[in-house]
Amino acid sequence: MRLLSKRSLQGKLTIIFIIIVAFIIGISTLLYLMSVNAVRKVTYEKMQSQAEYYQQTFETEIDQVLTQQLEIFSDRKLPLLALPNSGMNVYEERDAVLSVREWMQALTNLSNLVDSGVIYLPKSDYYISTARIRKMNEDDRTEIQALLEKGISSKQPLQYDGTNYYSLRTGSLGGRIVQDPNYVFVITFSSRQVRENLALLSNAGQGGAFLYEENTDVMLTSGSEETAAEIWKGLRKDQNGSYEQSQTVSADGKHYLVLLGGKGAMGTFVLYVEEASVLGYLSRFWRDMTLFLVLAAILAVVFILYTRQTVHIPMTNLLKAIDKVKTESLDTPIHHKGNDEFAILYEAFNEREAKIKQLLEEVYVQKGLTQQAQLKQLQAQINPHFLYNTYFMLSRKIKRMDYDGAEEISKHLGNYFKYLTRDGSDSLPLRQEVEHAKSYAAIQQNRFSDRITVQFDDLPEEYAGLIVPRLIIQPLLENSFGHGLENLEHDGLLRLRYTGDTQNLNITVEDNGKDAADETIEKLRESLDDPNVQEVTGLINIHRRLKIYFHGKAGLNIQRSDLGGVAVTIFIHDLDSKEQVL
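Residues numbered from 1 in each chain as written. Predicted model: local features only at pLDDT ≥ 70, side-chain atom pairs only at ≥ 80, totals over all residues. Heavy atoms only, no water.

Asker: How should the overall build of the protein be read in this particular structure?
Answerer: Looking only at helices and strands, one finds 16 helices and 18 strands in the protein. Among the 582 residues that make up the protein, the fraction classed as buried is 40%. Once local pairs closer than 6 in sequence are excluded, the contacts in the protein between residues at least 24 apart make up 63%. Of the accessible surface of the protein, which amounts to about 32,700 Å², a share of 54% is contributed by carbon and sulfur atoms. (Helix = DSSP H or I, 4+ residues; strand = E, 2+ residues; numbered from the N terminus. Buried < 20%, exposed > 50% of the residue type's maximum accessible area, 1.4 Å probe, protein only. Contact = heavy atoms within 4.5 Å. Areas by Shrake-Rupley, 256 points an atom, 1.4 Å probe, with all protein chains shown as cover.)

Written out as structure tokens, the structure reads:
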């Protein structure tokens, strides 16, 4: 119903409010997403700065330590100390040992990353560390052999012993790792200190950093190793197979902003922070915005309900009254409580309704007189040739002493004239109209029996009681006899059939005449609803009477018949609303 459609005032208001709320939600969501992206960008930039500063400092310290580790090989006392029978006396040898030890202590103090340093002198059996000086034992030699074998096979500057990273230098000034070195210098870096340095990058326990070496699967982290491992596992690679520098990764049920730094001596540096801690303010803003939107929606609903009560319902009542006027129900005045604009509209409507009712009564009276005049016109249009031919045919049958045939024609002719000349209502059940048409067709059938066949379908019982105007079928038969079949010398066919359903009825009169061209049929169809047609033919008369009687839901349709001639169809729609008799 159009009162409830989206084109109603209430529907338009609802759509407008939905659009406004959707616009606010869209703008808020867009602003939120833009803010999230901005915060992420700033966070990544900060993390980038932290990563660059940390890695630069970290790698610089390691490089300084490794450089100093090589510098010891330039000490002129170390080669003398490494070889037995070097010619040094006891005091010179002790002085050389203490000098090497002091240099190592200075090296360990160079960076807090250095845990310890040890120099092995296998050929002179010296073990010199930052803590002690002693002679080597078998465990030391076994340790040296393991270090040498691992160092030769490894190409990494730093190696991992399961607890700490260490740097191994052997041989001569170049520090090459050889099988039978004169000295072996091992500097051990403190994993604990590396973790403590990484912990300085954490954000109140909501982030962290770690170093990961893929080749050896060694990870040093300031936080949970499980979290760090899950973050590394969730890192994405680009189309070139390289890890994306900044990305969001899910781990242990949380989302982290992750930044990958460069690859250093102890592996790839990764810095991460929990996304919720970064976007906490924005999350609170979004909750507040959601609350605002909910309140806005509630206010919109309240406003819609208010406008429904004050505008939509009065407007609906007015539209319903207008719909009733369309169905010619003019006895339902409407009333409005209040003293607003609708009260004025209701009063004006009631006045117009009363005026329309008066005018319609006058029109109905005039229409009734017009219909009676049209019916009288149809009754007066009895074809004199039909009467003459019928009486002539009756006379011949009597002369030939065909009394049964004469009696049948007399009976049909009497029914025909009885129907035409009857007084009373201008409408009657469809069964009577069909019987009248059959009487007319029977008379014509007797006349043209040698060249025209008439076929009548049985009238379906559900349509028999339908009230219709008088003289709507017989003129169609007369039109077919007089214009469609008159020039056929044999095999003429006139057929009346019924089609339709519970809501629609079609009564079709068709023939197989050959005289009607397509242009003629088209002109006949156009003339039915052409107000400029001056001559009112029988077909136009019937069409107009049907439209008036059934309020525009009935009329004639003219088209080419499947039989080859002309098919004129009476269509009647919306049968449930039509009057019927049992």
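Asker: Looking at this structure, I do not really get the environment of F456. What am I missing?
Answerer: Tracing the sequence through the fold places F456 in strand β13 (residues 452-456). On the basis of relative accessibility, which here comes to 22%, the residue F456 falls in the partly exposed class. Separated by 19 residues in sequence, F456 and A437 place their C-alpha atoms 9.8 Å apart.

Asker: Please clarify how a nonpolar patch on the surface should be interpreted in this entry.
Answerer: A grouping of F23, I27, L30, L31 and M34 is seen on the molecular surface, where their side chains present a nonpolar patch of about 500 Å² in accessible area. Mapped onto the secondary structure, L31 falls in helix α1 (residues 9-71). (Patch = residues over 30% accessible without salt bridge, like charges linked within 9 Å, V, L, I, M, F, W, Y side chains within 5 Å. Salt bridge = Lys/Arg side-chain N within 4 Å of Asp/Glu carboxyl O.)

Asker: Any chance you could explain a negative patch on the surface here in plain terms?
Answerer: Taken together, the side chains of E138, D139, E143 and D161 present a region of like negative charge at the surface. For D161, the location among the structural elements is in the loop between β4 (159-160) and β5 (165-170). On the accessibility criterion, D161 (44% relative accessible area) is partly exposed. (Lys, Arg positive; Asp, Glu negative; His and termini not counted. Charge placed at Lys NZ, Arg CZ, Asp CG, Glu CD.)

Asker: It is not clear to me how the sheet that holds β5 should be interpreted in this structure. Could you clarify?
Answerer: Strand order in this open sheet of 6 strands is β3-β2-β1-β6-β5-β4, and the pairing throughout is antiparallel. Edge strands, defined here as strands with exactly one partner in the open sheet, are β3 (133-135) and β4. Relative to β5, β4 runs antiparallel, the two sharing 2 bridges. Bridge pairing in β5 places Y160 opposite Y165. (Pairing = 2+ DSSP bridges.)

Asker: In this structure, what is going on with the side chain of T227? I would like to understand it.
Answerer: Here T227 is to be found in helix α6 (residues 225-233). By relative accessible area, which is 10% here, T227 ends up buried. T227 has contacts with A251, D252 and Y256, leaving out every residue within four places of it along the chain.

Asker: It is not clear to me how helix α5 (residues 191-199) should be interpreted in this structure. Could you clarify?
Answerer: Taken together, the buried positions of α5 are S191, Q193, V194, N197 and L198. Burial along α5 is one-sided: seen end-on, the buried residues are contained in an arc of 160 degrees. (Arc of directions from axis to C-beta.)

Asker: So what exactly am I meant to see when it comes to the packing of aromatic side chains here?
Answerer: Given two aromatic rings, one states the distance between the centres and the angle between the planes to describe the pair. One pass over the full model with this rule turns up 12 aromatic pairs. Put simply, the rings of Y54, F58 and F269 pair up and form one aromatic cluster. R134 extends its terminal NZ or CZ atom over the ring of Y127, reaching a point 3.9 Å from the ring centre. Between the NZ or CZ atom of K135 and the centre of the ring of Y126, over which it lies, the distance is 4.3 Å. (Phe/Tyr/Trp six-rings, centres within 6.5 Å; stacked < 30°, edge-to-face > 60°. Lys NZ or Arg CZ within 6 Å of the ring centre and 35° of its normal.)

Keep in mind that these numbers describe shape and distance, not what the molecule does.
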